[in-house]
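Close look at the chain arrangement
Given next are the chains, with one letter for each unit.
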Amino acid sequence: MTIVAMACKNNNEISAENYKDDNITSKIDSLLKLMTIEEKVGQMNQYNGFWDLTGPSPKGGTAAKKYEHLRKGWVGSMLNVRGVEQVRAVQKIAVEESRLGIPLIIGFDVIHGYKTLSPIPLAESASWDLEAIEQSSRIAAIEASSVGINWTFAPMIDIGRDARWGRVMEGAGEDPYLGSLIAKARIKGFQGDDLSSVNTIAATAKHFAGYGFSEAGREYNTVDIGTSTLHNVVLPPFKAAVDADVKTVMNSFNEINGVPVTGSPYLQRDILKGEWNFNGFVISDWASIREMISWGHAKNKSEAAKIAVTAGSDMDMEGYVYIEELAQLVKDDVIKEDLLDDAVRRILRVKFELGLFDDPYRYCDEVREKEMIGHPKHHEAVLDMAKKSIVLLKNENNLLPLKKEGQKIALIGALASDKNSPLGSWRLASDDNTAVSVLEGMQAYKGNSLVYKKGADVSVGKTAFVEEVRINTTDKSEFQSAITAAKSADVVVMVLGEHGFQSGEARSRTNLQLPGVQQELLEAVYKVNSNIVLVLNNGRPLAVSWADAHIPAIVEAWQLGTQTGNAVAQVLYGDYNPSGKLPMTFPRGVGQVPIYYNYKNTGRPKNVEGNVFWSHYIDSENTPLYPFGHGLSYTTFEYSNLKLNGSIFNIGNDITVSVDVKNSGDRDGKEVVQLYIRDLVGSVTRPVKELKGFDLVEIKAGDTKTITFTLDKTTLGFYNNQGEYIIEPGEFKVFVGGSSAQTLEADFELD
Ligand code: GLC
């Protein structure tokens, strides 16, 4: 019997029966007293499993060594172990063969679903539907926990303004207000109200911090942002996550201001654990501690260990730094054992709260695994989420929705029959070819004749999560058959965009065009039939300027997960009236990037004297192709009667803003009514617009609803360059509308 079990039996300090009561601290203290330095370091050590790789292949780790360390109690967690059988196998070694029998916490990238996949997070964010987003994370937690996983490395809450960066697909877009609310919804979905329940899992706010500002959008690149951007744009979603009681935070690969985050006491101790009082634990990103050597911030692994543990990195993911260096640093009195104790307390607390000391195998239930994976209710939920994530970008002459009968439809594009790309890049646990394709979704509508032609492959050869995807840039051999089909069709539906592995981690692009020969295919089909509905499948904003200038209807369908085809078909045929709004700006061209709605006015915002001396390009407009918050409906909404409950307020007052929204079309629809402010003058310059409220409302055809918002201290202030939240008196504007670029406006003054 392991010592932990004996301790449970004898002195009841950490007994399973009373683990639920809230004196977890005393149980942790009791356990800590029993632990050797090596066992403490073991809790701070996370190994990758023996199956999937989600980072550079391990140099220091062999399966034999990992099994040996499991037996010694020198492993606190494993990632990429999945399935009840595999989890039980490693948990059994840790619990029944090691001296103390401390259970492992099992982590996995459950980014937008486990086996039944919801849309990629950027797509879900386009729904602006916080309840649906929470439910989507709930489903992911139910499926993941049924296969032994009790910790997800999600939500990724990095603000992203640069579509060249592949991981914008994983976040909530460019706005910190929307991003903060979505972070809270996802964490609530994963963690539920009771972390000790078997269908809830610990969440991770990642990547702390600034990773979305990788220079030039190049993956893993340096980050150089000012304190104003750090405090007003990057950090707010993480503060929201900590306030939502997120159990873990993952640090980021990047440096900020020359200091790798994993070695930054300012970010991890002063702000996260100090000012914000975060009491969970910090997991490094994959080998980010070891990579401080490559950054040129640590001369070797021993120094990397010292810097990281001092800076508040509690667990080393697949880095072999803590396990090989920390114990000696303590023995040589280079670092204090208290640093280890603090990290171990944090880690053990999460394990207690998950109920793992109560029953280490509680997440290993073959019956639940069979029942929960792929449950019909999960498919219903991800289909609902997918429909809500679709954004109608353009719809000239109401080409959409399609007629359900008597039409000859040509469906063109390799992505229309692709059953993998719509699952996105973070689909580690889903099975190949499990997405409902657009072709299958369209075939479910029997009233029209439907001809499908691929037109051209997007990629060539086999693709895999860890390999570069090779794009078809030459093979146009099937253009002609697609053109022939288009010629005789009433309507052409073209599904074009990115391969599933062209976005996601390590998938930065230098151009934002349709990849490969797809643009040529689009123009070739357009020549014979301009009645085209373009359905985009992509993991990032694309610069589809030619399409916007020529194609009458454009639908942003992202990568919508397992139920992609049914969601797209139901929107194209009008069984669901699209309600999505862009969470990230679409540029006219890559040269505009980074481009975002909450930009600064600059000193020369417009051309005043007809000369060239103002902030602009000589070869492009400044405005985006599609702005943040843009999204059309099959009906129309008219805004009027914007009112405030006064014009001069003092800082303590709440300000009420109301607006009338009329559904002036002939079908019911949903609208995301958005409220923005502008603080005209600040000790730190303020953006020309900042989202500070939104309401997703359903309005019946012909009806009008009055929508009301409240502005208060929490929404009118900003962070100064010392990181203090302040509100300054002065003039403000308030804007309300269905997009950041189409609003009514009013003024008020703050005394
Ligand atoms: C990856 C990602 C991180 C992920 C981790 C484990 O490198 O950066 O988001 O959770 O490794 O797969």
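Residues numbered from 1 in each chain as written. Predicted model: local features only at pLDDT ≥ 70, side-chain atom pairs only at ≥ 80, totals over all residues. Heavy atoms only, no water.

Focus on the layout of surface pockets
The computed volume of the largest pocket comes to approximately 790 Å³. Lining the largest pocket are 32 residues, with Pro176, Asn232, Pro236, Lys692 and Tyr719 sitting closest to its centre. For the lining of the largest pocket, the secondary structure elements donating two or more residues are α8 (176–191), α9 (227–234), α10 (236–243), β23 (690–699), α23 (713–716) and β25 (718–719). In this structure, the second largest pocket spans a volume of roughly 680 Å³. Around the second largest pocket, the lining comprises 26 residues; the ones closest to its centre are Tyr596, Tyr599, Asn622, Thr623 and Pro624. Counted by class, the lining of the second largest pocket contains 14 nonpolar, 9 polar and 3 charged residues. (1 Å grid on protein atoms, 1.4 Å probe; cavity = no way out; pocket = protein on both sides within 12 Å on 5 of 7 lines; lining within 4 Å. Points joined across faces, edges and corners; volume = space filled by probe spheres on them. Helix = DSSP H or I, 4+ residues; strand = E, 2+ residues; numbered from the N terminus. Nonpolar A, V, L, I, M, F, W, Y, C, P; charged D, E, K, R; others polar.)

Topic: the environment of Pro594
Relative to the assigned elements, Pro594 resides in the loop between α22 (564–572) and β19 (637–644). Note on Pro594: relative accessible area 44%, which makes it partly exposed. Placed 381 residues apart in sequence, Pro594 and Phe213 show a C-alpha to C-alpha distance of 9.3 Å. Once residues within four sequence positions are removed from consideration, Pro594 is found in contact with Arg161 and Arg164. (Buried < 20%, exposed > 50% of the residue type's maximum accessible area, 1.4 Å probe, protein only. Contact = heavy atoms within 4.5 Å.)

Observations regarding the sheet that holds strand β12 (residues 408–412)
Strand order in this open sheet of 6 strands is β11-β18-β17-β16-β12-β13, and the pairing throughout is mixed. The sheet terminates laterally at β11 (391–395) and β13 (449–453), the two strands that pair on one side only. Taken pair by pair, the neighbouring strands of this sheet meet at an average axis angle of 15°, ignoring direction. Sheet topology note: the β12/strand β16 (residues 491–497) ladder contains 4 bridges and is parallel. Looking at the pairing, Leu411 lines up with Val493 of β16. In the packing of helix α20 (residues 518–528) onto the sheet, contacts are made with β12, β16 and β17 (532–537), and the angle to β16 comes to roughly 170°. (Pairing = 2+ DSSP bridges. Axes fitted to C-alpha atoms, helices over the stretch in contact; angles between N-to-C directions.)

Section: the packing of α9 against α10
Two elements in contact, α9 and α10, have axes separated by 5 Å at closest approach and are oriented at 45°. Judged by the angle between their axes, α9 and α10 are oblique. The residues of α10 that touch α9, namely those facing Leu230, His231, Asn232, Val233 and Val234, are Pro236, Pro237 and Phe238. Tallied by class, the residues present in the contact of α9 with α10 amount to 6 nonpolar, 2 polar and no charged. (Parallel < 35°, antiparallel > 145°, perpendicular 65-115°, else oblique.)

Quick word on the site of the ligand
The environment of the ligand is formed by 13 residues, the closest being Thr54, Asp109, Arg167, His207 and Asp285. At 3.0 Å, a side-chain N or O of Glu505 approaches an oxygen atom of the ligand. Burial of the ligand by the protein amounts to 100% of the accessible area it has alone, namely 310 Å². Because more than half of its atoms lie within 2 Å of the grid, the ligand is assigned to the largest cavity. (Near = heavy atom within 4 Å. Polar contact = N/O pair within 3.5 Å; in protein donor to acceptor, adjacent residues only side chain to side chain. Areas by Shrake-Rupley, 256 points an atom, 1.4 Å probe, with all protein chains shown as cover. Sits in = over half its atoms within 2 Å of the grid points.)

Details of empty space enclosed by the protein
A full pass over the atoms with the stated rule returns 5 cavities of 30 Å³ or more. Roughly 90 Å³ of volume is contained in the largest cavity. Taken together, 14 residues form the lining of the largest cavity, with Thr54, Asp109, Asp285, Trp426 and Glu505 sitting closest to its centre. For the lining of the largest cavity, the class distribution of residues is 7 nonpolar, 2 polar and 5 charged.

Focus: the side chain of Lys40
Tracing the chain through its elements places Lys40 in helix α3 (residues 37–43). The contact partners of Lys40, leaving out residues within four places of it in the chain, are Leu32, Met35, Glu337, Leu340, Asp341 and Val344.

Digging into the side chain of His499
Tracing the chain through its elements places His499 in the loop between β16 and α20. Judged by its relative accessible area of 9%, His499 is buried. A distance of 2.9 Å separates a polar atom in the side chain of His499 from the backbone nitrogen of Phe501. Those residues in contact with His499 that sit more than four places away from it in its chain are Ser421, Val458, Ser459, Thr463, Val469 and Gln559.

Considerations on the pairing of strand β21 (residues 655–663)
Across the 9 residues that make up β21, a large majority, 7, are buried. Where β19 lies against β21, 6 bridges are found, and the strand directions are antiparallel. Pairing of Tyr639 across the sheet is with Val661, part of β21. Taken together, the 8 bridges between β21 and strand β24 (residues 704–711) define a ladder with antiparallel strand orientation. Following the sheet pairing, Val661 is matched in β24 by Lys705.

Considering unusual backbone geometry
Of note, the bond from Ala154 into Pro155 is cis; its omega dihedral lies within 30 degrees of zero at 10°. In this structure, His207 follows Lys206 across a cis peptide bond, with omega equal to -5°. Structurally, His207 can be placed in strand β5 (residues 204–208). Although it is not a glycine, Ala506 sits at a positive phi angle of roughly 65°.

Things to note about the pairing of strand β18 (residues 553–556)
Burial along β18 is two-sided: Ala553 and Val555 and Ile554 and Glu556, pointing in opposite directions, are all buried. By the bridge criterion, 4 bridges tie β17 to β18 in an arrangement that is parallel. Its bridge partner being in β18, Val535 is matched across the sheet by Val555. Crossover β17 to β18 through helix α21 (residues 545–550) is right-handed. (Right-handed = clockwise from strand over helix to strand, strands pointing away.)

Let's talk about the sheet that holds strand β3 (residues 105–108)
Strand order in the open sheet formed by 5 strands is β4-β3-β2-β1-β10, with parallel pairing between adjacent strands. The open sheet terminates on both sides in strands that have one partner only, identified here as β4 (151–152) and β10 (316–317).

A closer look at α10
Each α-helix turn comprises 3.6 residues. Residues three or four places apart therefore point the same way. Counting buried positions over the 8 residues of α10 gives 6, a clear majority of the element. Buried residues along α10 sit against α8, β5, α9 and α11 (265–275). Positive backbone phi, approximately 65°, marks Asp245, located one or two places after α10.

Section: the packing of aromatic side chains
How two aromatic rings sit relative to each other is given by the distance of their centres and the angle of their planes. Taken as a whole and assessed by the stated rule, the structure comprises 24 aromatic pairs. Taken together, a centroid distance of 4.8 Å and an interplanar angle of 65° make the contact between Trp165 and Tyr211 edge-to-face. On the criterion of sequence distance, the pair formed by Trp165 in the loop between β4 and α8 and Tyr211 in the loop between β5 and α9 is long-range, its members being 46 residues apart. As far as the burial class goes, Trp165 and Tyr211 line up, both buried. Taken together, the aromatic side chains of Trp128, Tyr177, Tyr597, Phe628, Tyr676 and Phe694 make up a single cluster linked through ring pairs. (Phe/Tyr/Trp six-rings, centres within 6.5 Å; stacked < 30°, edge-to-face > 60°.)

Focus: the domain arrangement of the chain
It is common to give the size of an interface as the accessible area that goes away when the parts come together. By the assigned domains, the chain splits into domain 1 (389–592) and domain 2 (637–750). Placing the centre of domain 1 and that of domain 2 at their C-alpha centroids yields a distance of 35 Å. In this assembly, 6 residues from domain 1 lie in contact with 8 residues from domain 2. For the domain 1 and domain 2 pair, buried surface summed over both sides reaches about 550 Å², with 45% attributable to carbon and sulfur atoms. Among the residues of domain 1 in contact with domain 2, Asn577, Ser579 and Lys581 are the three that bury the most area, contributing 74% of the side total. On the surface where domain 1 and domain 2 come into contact, there are 1 salt bridge. Measuring nitrogen to oxygen at the nearest pair gives 3.0 Å for the salt bridge that ties Glu671 to Lys581. If you look at where domain 1 meets domain 2, you find 5 residue pairs in polar contact (both at pLDDT 80 or more). Residue classes in the side of domain 1 that touches domain 2 are distributed as 2 nonpolar, 3 polar and 1 charged. (Domains from an automatic or database assignment. Buried area = accessible area lost by both parts, 1.4 Å probe. Salt bridge = Lys/Arg side-chain N within 4 Å of Asp/Glu carboxyl O.)

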